[in-house]
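# Fold and geometry: a report
As a plain string of letters, each chain reads:
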Amino acid sequence: MRRTLIAGGLALLLLATACGESRRSGPPAAAGSPTASRQDPAQVERTLASLRKIDDLPMYEMTYDGDYDPTAGLAGSTPPSPFGCSLFAALADRDRPLFARNFDWEPNPALVLRTDPPDGYASISLVDISYLGVSADPTGDRRLLDAPLLPFDGMNERGLAVGLAADDGARAEPVPGLPKVGSVRILRLVLDSAATVDEAVAVFRRYNLDFDGGPPLHYLLADATGASAVVEFVDGKLTVDRRQGPWQALTNVPTVGVPDRELRQDHRYGVLAKELDRNGGVVDAAGALRLLNAVRQSHTRWSVTYGLRSGEVRVVTAGGGTRDYRLPMSD
């Protein structure tokens, strides 16, 4: 049974934070032209009123009230190449599987977004809102209503998490008859409709991914059962690499069919692999953040951990601010 974020206040609980919360003041930004919103005026008002600045990155948080069309302008555009990202899933502890990632890119405004579409799963995701065309102060900007379309990582109420990283050598050849979807937008379709890694892979297989306007990408998936997989494009074809051990990691080098000793020559992958081997794929949020810190770069914008069974989400920004959230989980 799905749970509702909006009814009765916010069932998605905001926990203790390490930085202050304040409401932006001053005149609203330009109205903008959202394409995805299927909200009534009251839902629009509540959504925009929920915007809070939580960090000087700047980073905001917002709760999306009502429905949106995740297929609006389906192909969309792919953001320019992130300089580098680091992701891993530590899955040996079946009671506490965990997904973690660094997002490394320019210091654009970002958003912790809470969504609960009426025909999909509730989720928490992180969005680079500069790609919506909004400014560093997005207060009142209706283009925020398209924020669900651009998750760079996230987890849904079933404990399915997904994140992306650039893979400049990949290419995706279109499969005749399949619709085209942007290579970031696919994460929204996964979060809204997939409860497991297998279901997420099936979503990927229903579309041709569009890498125009940005780099080719590959993806790490993990779920509450302890399953994980890398989705990558090899010789133009979508290929799935399912984990064979207690953990799985991804940086910006291809992984499918690449021997482990070669993967570890990539510095960030090697650091992740060494520590995950040492702890046997068992790590809590604090340990995961220490490991992410070991592979952070000068342009790491946020680090995030997702508890795939607990629903706990911890976000640490480039400025060191920490926010804890809990997503109510469902069976």
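Just so you know, these numbers come straight off a predicted model, no measurement behind them.

Regarding its fold elements, the protein presents 6 helices and 18 strands. Looking at the 331 residues of the protein, the share that counts as buried comes to 57%. In the protein, 70% of the contacts between residues at least 6 apart in sequence involve partners at least 24 apart. As displayed, the protein has an accessible area near 12,800 Å², and 50% of this comes from carbon and sulfur atoms.

Take the side chain of Lys 53 next. Positionally, Lys 53 belongs in strand S2 (residues 52-55). Within the structure, Lys 53 has its side chain in polar contact with the side chain of Asp 56 (distance 3.2 Å).

A few words on the nonpolar core. In terms of nonpolar packing, the biggest core is built from 79 residues, with Met 59, Phe 99, Leu 111, Ile 186, Val 190, Leu 209 and Tyr 219 touching the most fellow members. Every residue in contact with Val 190, bar those within four places of it in the chain, is listed here: Asn 156, Leu 160, Val 162, Ala 200, Val 203 and Phe 204. Grouped together as the second largest cluster of nonpolar side chains are 17 residues, Ala 273, Leu 276, Val 283 and Leu 289 included.

This paragraph deals with the confidence of the model for the protein. Averaged over every residue, the pLDDT of the protein is 88; the share at 70 or more is 87%. Confidence over residues 1-30 falls short of pLDDT 50; this stretch has 84 contacts with residues more than four positions distant or in other chains.

Turning next to the side chain of Arg 188. When you line up the elements, Arg 188 lands in helix H2 (residues 185-193). Within the local environment of Arg 188, its side chain forms a polar contact with the side chain of Ser 123, the two groups lying 3.2 Å apart. Other than its neighbours up to four places away in sequence, Arg 188 contacts Tyr 68, Pro 70, Leu 113, Thr 115, Ser 123, Ser 125, Pro 148 and Pro 151.

On to unusual backbone geometry, then. A cis geometry characterises the amide bond from Leu 57 onward to Pro 58, with omega recorded as 5 degrees. With respect to the element layout, Pro 58 can be found in the loop between S2 and strand S3 (59-63). Residue Asp 235 is not a glycine yet carries a positive backbone phi of 50 degrees. With respect to the helices, strands and loops of the structure, Asp 235 is situated in the loop between strand S13 (228-234) and strand S14 (237-242). With a relative accessible area of 61%, Asp 235 lands in the exposed category.

Moving on, we come to H2. Summarising burial for H2: 8 of the 9 residues are buried, a large majority. Buried residues of H2: Arg 185, Ile 186, Leu 187, Arg 188, Leu 189, Val 190, Leu 191 and Asp 192, and no others.

Here H2 crosses helix H3 (residues 197-205) at 140 degrees, and the two axes come no closer than 9 Å. As far as their axial angle goes, H3 and H2 are oblique. Where H2 crosses over H3, the two elements pack in a sense that is right-handed. In this structure, H2 contributes Ile 186, Leu 189, Val 190 and Ser 193 to the contact, and H3 contributes Glu 199, Ala 200, Val 203 and Phe 204. A class-by-class count of the residues in the contact of H2 with H3 yields 6 nonpolar, 1 polar and 1 charged.

Criteria and cut-off values
Residues numbered from 1 in each chain as written. Predicted model: local features only at pLDDT ≥ 70, side-chain atom pairs only at ≥ 80, totals over all residues. Heavy atoms only, no water. Helix = DSSP H or I, 4+ residues; strand = E, 2+ residues; numbered from the N terminus. Buried < 20%, exposed > 50% of the residue type's maximum accessible area, 1.4 Å probe, protein only. Contact = heavy atoms within 4.5 Å. Areas by Shrake-Rupley, 256 points an atom, 1.4 Å probe, with all protein chains shown as cover. Polar contact = N/O pair within 3.5 Å; in protein donor to acceptor, adjacent residues only side chain to side chain. Core = buried A, V, L, I, M, F, W, Y, C linked by side-chain atoms within 4.5 Å. pLDDT = per-residue confidence, 0-100. Axes fitted to C-alpha atoms, helices over the stretch in contact; angles between N-to-C directions. Parallel < 35°, antiparallel > 145°, perpendicular 65-115°, else oblique. Left-handed = near helix turned anticlockwise from the far one by under 90°. Nonpolar A, V, L, I, M, F, W, Y, C, P; charged D, E, K, R; others polar.

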